[in-house]
Amino acid sequence: MECRAVWAATDLEVRQQGKRPVISGRFPYKALAVLSDGGRVRKETILPGAFDYALKDANREINLLLGHSFDKPLASKLSGTLELTDTENFLEFVATIPVGAERASHVVDALAMIGAGLVKGVSPGFRVPPKDVVPNAETLLPEPGNPSVFIRHLSSLVLYELSLVTRAAYETSEAELRQMQWDRAPSDTRIILP
């Protein structure tokens, strides 16, 4: 089963490292996402360690995308442009935009939208493994104080991408642009940042 929930990104920012633009952020664990499911409220949380399978496999690709589009890549684990650090509280990512890619229109758009505060969320693309492979990868538990609503707890997932998105499931989402400068922007592109 594939899931495309939108989660908060904390400390989502664009900065310059040397001469390369860098996007960094954190995907929070144990945070609660409220999803709409045909008019029914559904809640979901991803537990620490849920992405271990993909993170620990040195040969498994994980991409950073704009809007879940593999036609709009920003960085990738196997190319060495996406660094992922897993902690008890969050999955941190640091994406260094590859040389030349900063001129691609979707990259210019992503950097500008983060800077403008329009892109604030991170949505992981993952699959829940089959129950015969990982029996308790997901469990449903009633919400404390509201037993008619169940929370899906995800403890083991196959992560294949993280996407930067506009609408976060959590209102505490923040995006920040600290500093970004390029030596040369493409002549047909104007970048206006706050």
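Quick caveat: nothing in here was measured; it's all calculated off a predicted structure. (Residues numbered from 1 in each chain as written. Predicted model: local features only at pLDDT ≥ 70, side-chain atom pairs only at ≥ 80, totals over all residues. Heavy atoms only, no water.)

Draft legend 1. View of the overall build of the protein. Each helix and strand counted, the protein has 2 helices and 15 strands in total. Taking as baseline every contact in the protein between residues at least 6 positions apart, the subset at least 24 positions apart corresponds to 67%. Surface summary for the protein: the accessible area is close to 10,300 Å², and the carbon and sulfur share equals 49%. (Helix = DSSP H or I, 4+ residues; strand = E, 2+ residues; numbered from the N terminus. Contact = heavy atoms within 4.5 Å. Areas by Shrake-Rupley, 256 points an atom, 1.4 Å probe, with all protein chains shown as cover.)

Draft legend 2. The environment of Ser 156, seen in detail. You can see Ser 156 is positioned in the loop between β13 (146–154) and β14 (158–165). Spatially, the C-alpha atoms of Ser 156 and Ile 46 are 8.6 Å apart, while their sequence positions differ by 110 residues.

Draft legend 3. Focus on helix α2 (residues 105–115). Within α2, burial applies to His 106, Val 107, Val 108, Ala 110, Leu 111, Ile 114 and Gly 115. Just downstream of α2 lies Gly 117, where phi reads positive at about 80 degrees. (Buried < 20%, exposed > 50% of the residue type's maximum accessible area, 1.4 Å probe, protein only.)

Draft legend 4. Fine view of the packing of aromatic side chains. As enumerated under the stated definition, the model contains 3 aromatic pairs in all. Between the aromatic rings of Phe 27 and Phe 51, the centroid separation amounts to 5.9 Å while the plane-to-plane angle is 50 degrees, which identifies the pairing as tilted. Of this pair, Phe 27 sits in strand β4 (residues 20–28) while Phe 51 sits in the loop between β6 (40–46) and α1 (52–56); the two residues are 24 residues apart in sequence, bridging distant segments of the chain. Like Phe 27, the residue Phe 51 is buried in the burial classification. (Phe/Tyr/Trp six-rings, centres within 6.5 Å; stacked < 30°, edge-to-face > 60°.)

Draft legend 5. Quick look at the pairing of strand β7 (residues 63–66). Taking every second residue as pointing to the same face, both faces of β7 are buried, with Asn 63 and Leu 65 on one and Leu 64 and Leu 66 on the other. As defined by bridge partners, β7 adjoins strand β8 (residues 69–76) across 4 bridges and the pair is classed as antiparallel. Bridge assignment links Leu 65 to a residue of β8, and that residue is Pro 73. Linking two consecutive strands that pair antiparallel, namely β7 and β8, is a turn of 2 residues; a positive phi of about 60 degrees is found at Gly 67 within it. One ladder, built from 4 bridges, connects β7 with β14; its direction is parallel. Bridge pairing links Leu 64 to Leu 162 in β14. (Pairing = 2+ DSSP bridges.)

Draft legend 6. Representation of the nonpolar core in the model. Of all hydrophobic cores here, the largest spans 33 residues; its most connected members are Ile 23, Ile 46, Leu 64, Leu 74, Phe 93 and Leu 164. For this core, the secondary structure elements donating two or more residues are β3 (10–17), β4, β7, β8, β10 (90–96), α2, β11 (121–127) and β14. Looking at this core, the element that brings in the most residues is α2, giving 4 residues. (Core = buried A, V, L, I, M, F, W, Y, C linked by side-chain atoms within 4.5 Å.)

Draft legend 7. Fine view of the pattern of salt bridges. Enumeration over the complete set of coordinates arrives at 9 salt bridges. In this structure, Arg 26 and Glu 92 form a salt bridge, with 3.5 Å as the shortest nitrogen-oxygen distance. Of this pair, Arg 26 sits in strand β4 while Glu 92 sits in strand β10, and the two are 66 residues apart along the sequence. Glu 92 gets classed as partly exposed once you look at its relative accessible area, which sits at 25%. (Salt bridge = Lys/Arg side-chain N within 4 Å of Asp/Glu carboxyl O.)

Draft legend 8. Representation of the environment of Leu 55. Relative to the helices and strands, Leu 55 is located in helix α1. Beyond its immediate sequence surroundings of up to four residues, Leu 55 is in contact with Ile 62, Lys 77, Leu 84, Asp 86 and Leu 91.

Draft legend 9. The arrangement of unusual backbone geometry in detail. The phi dihedral of Lys 30 falls on the positive side, at around 65 degrees, and the residue is not glycine. With respect to the element layout, Lys 30 can be found in the loop between β4 and β5 (33–37). One non-glycine residue, His 68, lies in positive phi territory at about 60 degrees. Inspection of the secondary structure puts His 68 in the loop between β7 and β8. Residue class for His 68 comes out buried when judged on its relative accessible area of 17%.

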